[in-house]
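Given next are the chains, with one letter for each unit.
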Amino acid sequence: MDIRAILMGLAFALMWSSAFTSARMIVAEAPPLLALSARFLVSGVIGVGIALAMGQSWKLSPAQWRATLIFGLCQNALYLGLNFVAMQWVQASVASIIASTMPLMVALMGRVVFGDTIRPLGLAGLFAGVVGVAIIMSARLSGGVDPLGLALCFMAAFALSVATLSVRGAASKGNVLMIVGLQMFVGAISLTLVSAFTESWQVVPTTRLTLAFLYTALIPGVLATWVWFRLVARIGAVKAATFHFLNPFFGVAIAAVVLGERLGWLDLAGVAVIAAGILAVQLSKQPARRA
């Protein structure tokens, strides 16, 4: 992994983690699915517009279209949609911690679905991740956090795991920014349909809502997704997922600074155990050095 990949991964983790805080601000003042579908529409128009200006084509290969649809549904409609709904009841820091379990799910799904071999260090990492999640779950449930919100966050992390495994086919033949824009449209269409039947479209515009919406659409929406596609294409999905172990730390820090959220020592212990588990899983994926 070269310096450029490391810088891309750090930038992605910081931008991605900040989305939980801005999302928490949005759902406090607008219907979550309506706001998210509008964000996808704005991000999609910007992404496709820039891609066309760069000479990229919307004529994708069948594999790219398939992966784009899967990624748009799993990451945008399911992962972000479920998280936006959940953050009506759970804190942004909690949602970011649960989302950080995605690399563990990717490793486990790779073993179950594709028959990937997991070394002892990887098994230890998976066990540590389960322990970390159990620590946070026990602390949060005893503190009165809504169990439905926690369940939605875990379902969202599973959907992101599927999206991560599918992104390799979408980023393998160029047109990366075009694919980013098109998968935004997939999320916008999907969530608009769901929102029309489940939400009341009443929004009171405020400065905080406008700034949070614009930030979420431009930074985590377009820029972070584009960096993620390029990172996966550069170093692969497994190595790229390593940077997700930074998400709980960045997510907690940003939520604490911007929203004033506080965590107990059990939450912090769970974050540390999960991060250690993710790092162990990713290190176990590295090829053995030759003597």
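Placed above this text is the structure.
A few points on the structure. Keep in mind that this is a model prediction, so the values were computed, not measured.

Thresholds applied
Residues numbered from 1 in each chain as written. Predicted model: local features only at pLDDT ≥ 70, side-chain atom pairs only at ≥ 80, totals over all residues. Heavy atoms only, no water. Helix = DSSP H or I, 4+ residues; strand = E, 2+ residues; numbered from the N terminus. Buried < 20%, exposed > 50% of the residue type's maximum accessible area, 1.4 Å probe, protein only. Contact = heavy atoms within 4.5 Å. Areas by Shrake-Rupley, 256 points an atom, 1.4 Å probe, with all protein chains shown as cover. Lys, Arg positive; Asp, Glu negative; His and termini not counted. Charge placed at Lys NZ, Arg CZ, Asp CG, Glu CD. Core = buried A, V, L, I, M, F, W, Y, C linked by side-chain atoms within 4.5 Å. Salt bridge = Lys/Arg side-chain N within 4 Å of Asp/Glu carboxyl O. Phe/Tyr/Trp six-rings, centres within 6.5 Å; stacked < 30°, edge-to-face > 60°. 1 Å grid on protein atoms, 1.4 Å probe; cavity = no way out; pocket = protein on both sides within 12 Å on 5 of 7 lines; lining within 4 Å. Points joined across faces, edges and corners; volume = space filled by probe spheres on them. Nonpolar A, V, L, I, M, F, W, Y, C, P; charged D, E, K, R; others polar.

## Some remarks on the overall build of the chain
In terms of regular secondary structure, the chain is built from 12 helices and 0 strands. Viewed in the frame of its principal axes, the chain has a C-alpha envelope of about 55 × 50 × 30 Å. The burial tally for the chain puts 54% of its 291 residues in the buried class. In the chain, 92% of the contacts between residues at least 6 apart in sequence involve partners at least 24 apart. Carbon and sulfur atoms form 71% of the exposed surface of the chain, whose accessible area is close to 13,000 Å². Counting 18 positive and 7 negative side-chain charges, the chain places the centres of these two groups 16 Å from one another.

## Observations regarding the nonpolar core
Tyr79, Met87 and Leu231 are the most contacted members of the largest nonpolar core, which totals 70 residues. Contributing elements (two or more residues each) for this core: helix H1 (3–27), helix H2 (32–53), helix H3 (62–86), helix H4 (92–99), helix H5 (102–114), helix H7 (147–170), helix H8 (176–198) and helix H9 (207–235). Leu104, Ile118, Leu126 and Val281 belong to the second-largest nonpolar core, a separate cluster that totals 12 residues.

## Regarding the pattern of salt bridges
Following the criterion strictly, the structure yields 1 salt bridge and no others. With a closest N to O distance of 3.4 Å, arginine 208 and glutamate 29 form a salt bridge. Placement of the pair is arginine 208 in helix H9 and glutamate 29 in the loop between H1 and H2, with a sequence separation of 179 residues. The class for arginine 208 is partly exposed, based on a relative accessible area of 38%. On the basis of relative accessibility, which here comes to 25%, the residue glutamate 29 falls in the partly exposed class.

## Topic: the packing of aromatic side chains
Evaluated as defined, the whole model comprises 3 aromatic pairs. Here the aromatic residues Phe12, Trp16, Tyr79 and Trp228 are joined through ring pairs into a cluster of three or more.

## Observations concerning empty space enclosed by the protein
Enumeration according to the criterion identifies 3 cavities of 30 Å³ or more in this entry. Estimates place the volume of the largest cavity at around 90 Å³. A per-class count over the lining of the largest cavity returns 9 nonpolar, 1 polar and 1 charged. Listing elements by their share of the lining of the second largest cavity, those giving two or more residues are H4, helix H6 (120–142) and H7. Among the elements that take part in the lining of the second largest cavity, H6 stands out by supplying 3 residues, more than any other. Classifying every residue of the lining of the second largest cavity gives 8 nonpolar, 1 polar and no charged.

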